Structures are given as structure tokens and as C-alpha cells.
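Residues per chain are reported as follows:
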Amino acid sequence: MLFNSIDFAIFLPIFFILYWFVTNKNLKYQNFLILIASYIFYGWWDWRFLSLIIFSTIIDYTIGLRLKSEENQTKRKILLYTSILINLGFLGFFKYFNFFIDNFASAFSFFGKEIGVSSLDIVLPVGISFYTFQTLSYTIDVYKKKLEPTNDFISFAAFVSFFPQLVAGPIERATNLLPQFYKKRTFNSEKAIDGLRQILWGLFKKVVIADSCAEFANQIFNNSADMNGSTLVLGAIFFTFQIYGDFSGYSDIAIGTSRLFGFNLMQNFNFPYFSRDMAEFWRRWHISLSTWFRDYLYIPLGGSKGGNWMRIRNTFIIFLVSGFWHGANWTFIIWGLLNALYFLPLLLMKKNRSNMDVVAKGKVLPSFKEFIMMSFTFSLAVLAWIFFRAENLTHAFSYIQEMFSSSLLQMPEFEYKRRAFYTILFLIFFILVEWSGRGDQYAIEKIGLKWKRPIRTIAYYGIIIAILWSSGSEQDFIYFQF
Amino acid sequence: MKYFLKRIFSFFIPLVVVLSVFLFYAENELSNFPSTFQIKAKYFKQNMDNIEVLILGSSHNQDALNPELFSDLNVANLAMGGQTLRIDEALLETYIDKLPNLKYVFFELSYHNLEHKFDAKYFKNNLYFKYYDINLFEREVNFKDYSIFLSNPIFYLRYLNPNKEKVDLNKYGYLTKMTNDEVDKIFLNHNYDEAKIMSDTNSMILTRHRYKDLNAYKKNKKSFEQMIKLCSDRKIQPIILMPPVFKSYYKSYLKDKNERRLEFVSYLEKKYPSIVVMDFEQNPNFKVTDFKNDDHLNLKGAEKFSKIINKELNYLSIEFNKENYPNK
């Protein structure tokens, strides 16, 4: 079920009524309701793949309990590796099987030997990368004794499949989310209204910004061979906003929906396009994945303890794995590598933690230096996104080559320029609102709170009408494919 | 909770009321607006028992063939701008057995058709559902699918403008007067000056088909062949039509894309000897003044073309005899 669908608009109020008016007296019933609703939410897309979630849930629940009673370190390790193997095994099969088979065959044919292997027609289960990492966090934390394993199967199953963030995150840590299932949730009007406000902004980002930009990004990327340099630059910028609006919009809706039901999820995006360097960008982009890799990969690999060389090596590993996590294509790996290269000078100069605070805090406008730094960082991100969006490496390189050709100085040429003009106007409005709210959890968290209610209501109506205006068709979220 | 519900209701109720009234008005206006879809479907459904010629395809066939100009045969032109082969297939599958007198089906095989991707989220799918009762959504129907306005609010808002130009359509749903749309006036705006037209190599009309889609090609071939089979099994004459396009268009073809199309035509001709191919794509009888833009005939060109096709059909109908099928 998509957040930007009529189905979800019907599903959410029904769930709200059942949750707060029917099952609110009993925590177990409430958790059971979350579980059933989450399975319906997921099964709406394809019920067959529910079996994968259920299987992962049973495995990790059982291993968690065994880890509790097992003191022998070798046996504990075996249990941990079993969980990792099964979870990553599913992920590997559904997501990476064809990639490895194809590359294996290509490698052999490069050396003049043809091997008769063929790829399989595999459907990638929606959200598998997200819930796999979430359940893994549970087993690893239990193994490390950072978290007490749960005896409550329903709570655990609801934690794994919690519908607001099941298919595209934020990837929650068991240490943060699971305990929230044990505590009685009480309704808080202010939090619920705040949740609705965040849902509204998330829908605006998805439907108005991302989907409008997608139309032009798709048109330009799909026909890049016939486009001039300036059009290609515009295409890359449209995609840059598409992916941000799409993914951070999803996160906002997920966090807002959770707040309606008394849950707090972590912030996943913190205005990344206002970053002054790439290190700051990566502290603000897909925070739940970056911190997951930091805690479960970077630190176990030695983190920064072994000096500069180890820090650089581990940073490259993180970025390459992160690229590969996004998809089984060399384009994602190069995207990861490019980001690691962006990071390298900052690491060498030990400047990767120089911009920790909100940019231009307390000021209306950034300084000239800050503006240049933000523009430079944004340009680097735009360049990297070309690899992320391209069909393959040849496409990406030819796109970049043409982008920097003499045709860069020509006027952009593509279909529906008038619509593109409206989209750019929306983008300018969006950037201004995001800039105003850059110190908050989401852009409109505090904007207008001091306005008179009728004025605020009109502003929200304006956002709703913009969403309805732009909602021609229900577009999938990009991150569903990851 | 009471406070929350009070605020939610006071926020949403006025909005829902206003939007519902607006939606009701919009749906009503759009349903009554004389559109090509509405009139074509009305004519088609009222005359199913008599229809002898069915024309499918995209805007190329839609603009090129005026059913009014076919003298001895009852013709329905269901071709429509943006109509892919998958939609043609759905229309044919749904209606072929409800057309007892059907003798000929025209399939468009212009340069773009085979690599034009079908989109289950295409906003016109709601119109096909409303007027032809076909579900192209590739899922269960939901209530939004019944609404024309909600399928593409931005697009349809302009139809709610009371000053919106009403189009002139004949009873077959064919446009009988040039519209004021910019794409319909491209050649006119160039004063039919060939040099100017030929130098405009980056016009939207030319670039919009400059893509390749092998995946769509594979699927469309399957749909096309399925349609040929449907006709052949019922002894209905399939005719592959390549309507005229201006040289600015055919000179911009991607070589491999065009070759794939021609290869497919040869394959069909070999496999289904009953097929008739009418290739007018580069026909020298069509001059610059017969086109409204690079790949669409204007009213004058369409009149000329419809009469030619009518004549061709008359020749075919002398030969046509279900007992002797195939008749090539």
C-alpha cells in the first residue's frame, strides 16, 4: 500500500479508530492490531512475500531467546552467524543473485570462456533491505548484550513489520523501537497534530516535489543521448530533488504516522542539501542507514582507532557497501565510491567534523562563504546522483560527457517547458520553506505556529490543494526498490 | 482525544465539503463536455452491429482517417492520441466478438508504435474504463478510477474553463476543424516553409519519439501478433497501415529502431499471408501543406488520405470473401 494512495487514506482512519477506541485498553490487543494491520499493509502489495517477513521474524525471535540462555561464546557466535546468514541470504538471493550470475558469466566470457548460466526472473520483495537490517540490529544487539531479548512474540513481530516504516525506513534500532511496544501508549493531542503536520509535509514533498521532478528527470535521463548539456544539468538537478522529496517525504509520513499512534521514530533526513561539506551531507542524509553502517560495520571493522589508514579503508568499505545496498548494479557501487572520494580530502585534512551545527543558525541568510560551500557540496551531490539514476555505467559516463560539452551553453530543450516552469516555481517555494525550518525536525514543524489559526488553516489548505492538484497518478516511492 | 477530534473535524469538514462540491461539478462538466472519447464511444456502441471497418492506433491514425469519407463501408475510428498497442489489443479483445459484420481491422505501425511503452498509470486509462469498459490499470478497480477529473486534475482543470474552446467533431468523433493547440499549428506557423521546417531538427515533435525501448518492443510485438491472430481466427482482414509523415520526421528516424519495425513487418507477412500492408509513410503524393506538423496529417491531408484508403478498401472488398480467406 502506498502512502500517497486512496487505499492508505481509508486504511489510516480505520486503523486509528480501532487502535485508540477499540484496543486501547489492552496493550497486547493493540500490538496485535499493529501486527495484523502491518501484514495487511504489506500484503496489499504482494501477500506471498509476507512469508519472508514471518520467517525472518520467527528466526530472529528464536535466536534472540537462545542467545539469552546460551553462555558458551562459540555457540553464541554460531547463533549470531545463523541469523546473519539467513537474513542476508534472503537479501542476497532476491536482490543480488542475478547481479552475481551476470557478472560471473561476463568475467568468464572476458577470458574467452562462455559458461551456460542464465539469470532468474526474480521479483524483489518490497522493503527487504530495510526490514532485514532492522531485524539484524536486534540479533546483533542481543548478542552484544546491549538489549534484553524479548519473550513477547507479538511485540517482536510488530516491531519487525511496523507498517509506517516497514518498506522504506527509517531503519529503526531494536534498542529504540522495541521497548516502545512494551509501554502503554497514551494519546497526546499535540503529538498527534504534529504527526499530521509532518504527514502533510511528507506528502507535499512526495507528490508535489518528487513526482513533478520525476516527470522531467525521467524524460531527460531516458532520452539523454539527444539532449544538450544544459538540459542534462537540469535533468540531474530535477533528479536530485526527486530523490530527496521522494525519500525524505516517505520518512516524514512514516514518522508522522508513528506519532499518531504514540511512537517516536528517529529523524532520517536533516536538510542535507544545506550541507557545507560532504561529511555534513552524510550526517544529514538517510541518517538511519548511515548510523546503522557506523554501528554495525564501521566500528566492528575498527572504526578510527587504527589511525588514518584504517579510517580511510573503513570509510571506503562503508560507502561501497552502502552503494551496493542500494541496488545490484555497478552504478550504485560507483556512486558509493564517488562519495567515498568526496570524503577523502576531509578525512585527510581531519575536517570531516568541522560543520556540525545548523548552517547560518539564527540568521535569515547564509554568509557568502557558507553559500559557496553549500553550492559546491550540492553540485557534488548532483554529480553523484547521475550514477545513481543512470541505467548503467555507459549511460552515466556519456551523460556526464555530454553535460560538460560545449552544448552546456545552449538553451535547455525538452517537452512541456511550461509545466517545468511551474515545477521550478514549486521548487523555489520548497527550498525557501526548507531553509526557514532547517533547525527543526521537519520544515513546517514550527513555521506558522504563532500565526492566527485561520491563516494557518488557509496555509495548510494551500498545501493540501497543491497535493491534490499534483496527484495525477500514484507513483511508487523510489526507495521501495531497495 | 476530544480536543483532537474537534480540531480534526473542524479542519477537514469544510475542506471535504468544498472539494466534494467541486468534484461533483467537475465530473458533471467533464462528462458533458463533447470529447473525442465520448463521441467515438457513443457512435461505436450504437453501431456495433453494422461496423465493417475498425481503425486502431495512435494519433497518427486518429488524424489521418475520417470515417465520414468512406463511401460504402461503416467505419469506426477508435485510434486515439497516446494509444499504445496494448490498448489496441484490449479494445480488440473486448469487442471483436461483438462486431458481427467486421471485415477489416486497421493496425497502425508507425515508427514509434512498437517501442511506445504501455503505462498502467496513464491518466487516459480512466477514459477507456469509462467509455469502453476496459480495465487497463493492471489491478482491481478503485473508486478513483471512475473519475475523469481525478485521473489528471491539472490537465482537466482547463476543460472546466467556461471559455475553453469547444472542438468541432462529426458523429464519428473525428475533428472537423483545426484546434488552436500549438502542436496543431506548427507547420502553419512556419507558413509551410520546408526550409524552416527542415532546419527545426530539435522540435518537440521530432525529439519525442527519439528513444529506444527494447522491453516495450518485446511486449508490443506480442500484443500485435495476438491482434493479428484474433483477426485471422475469425477470418477478418488485418491491414497494417503506415500513414504518411513529413520528411522532417522520417529523416530523424533512429536507424536500428526503424529496422526493428520493418523486420517485424516482414516476419508478420511471412507468418500470416492474409495480412495486407499499406505503406504510405513516404508517399510522394503528400506535400508539406497536407501536414499540420512533422508526423500528423492536417484536415486537407486527411481528406486526401481517407479517400485513397477508401479506394483501396473498395478494391479489397471486391476480392474479399470469407470463404476464400486468405485473400492476398
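A separate point is helix α12 (residues 307-326) of chain A. All names here are of chain A. Taking 1.5 Å per residue, 20 residues should reach 28 Å; α12 reaches 29 Å between its end C-alpha atoms and fits that length. Here α12 has its buried residues at Asn314, Thr315, Ile318, Phe319, Ser322, Gly323 and His326. Buried residues in α12 make contact with α11 (287-298) and α13 (330-348).

With that out of the way, let us pick up the environment of Phe149(B). Residue and element names in this part refer to chain B. Residue position: Phe149 is located in the loop between α5 (125-132) and α6 (153-157). On the basis of neighbour count, Phe149 is assigned to the buried category, with 22 C-beta atoms found within 10 Å. Spatially, the C-alpha atom of Phe149 lies 9.7 Å from that of Asn28, the residues being 121 residues apart in sequence. For Phe149, the residues in contact, after removing those within four places along its chain, are Leu23, Ala26, Glu27, Leu30 and Tyr156.

Right, let's get into the domain arrangement of chain A. Interface size is commonly expressed as the accessible area that is lost once the parts come together. All names here are of chain A. According to the domain assignment, chain A contains domain 1 (6-186) and domain 2 (190-276 + 355-481). A C-alpha centroid distance of 29 Å is found between domain 1 and domain 2. Every contact between the two is made by 16 residues of domain 1 and, on the other side, 16 residues of domain 2. Mapped onto the side of domain 1 that touches domain 2, the elements with two or more residues apiece are α1 (6-22) and α7 (174-182).

What follows deals with the sheet that holds strand β2 (residues 75-77) of chain B. Residue and element names in this part refer to chain B. Taken in spatial order, the five strands make up an open sheet running β2-β1-β3-β4-β5, and their pairing is parallel. Because the sheet does not close on itself, it has two edges, and the strands there are β2 and β5 (276-279). The average undirected angle you get between the axes of adjacent strands in this sheet is 20 degrees.

Facing 18 residues of chain A, the contacting portion of chain B comprises 19 residues. Looking at the side of chain A that touches chain B, the elements that each hand over two or more residues are α1, α8 (189-222) and α17 (453-470) of chain A. Within the side of chain A that touches chain B, the residues separate by chemical class into nine nonpolar, six polar and three charged.

Parameters and conventions
- Residues numbered from 1 in each chain as written.
- Chains lettered and ligands numbered in written order.
- Predicted model: local features only at pLDDT ≥ 70, side-chain atom pairs only at ≥ 80, totals over all residues.
- Helix = DSSP H or I, 4+ residues; strand = E, 2+ residues; numbered from the N terminus.
- Expected span 1.5 Å × (residues − 1).
- Buried ≥ 20, exposed ≤ 12 C-beta atoms within 10 Å, placed from the backbone.
- Contact = placed C-beta atoms within 7 Å.
- Domains from an automatic or database assignment.
- Pairing = 2+ DSSP bridges.
- Axes fitted to C-alpha atoms, helices over the stretch in contact; angles between N-to-C directions.
- Nonpolar A, V, L, I, M, F, W, Y, C, P; charged D, E, K, R; others polar.

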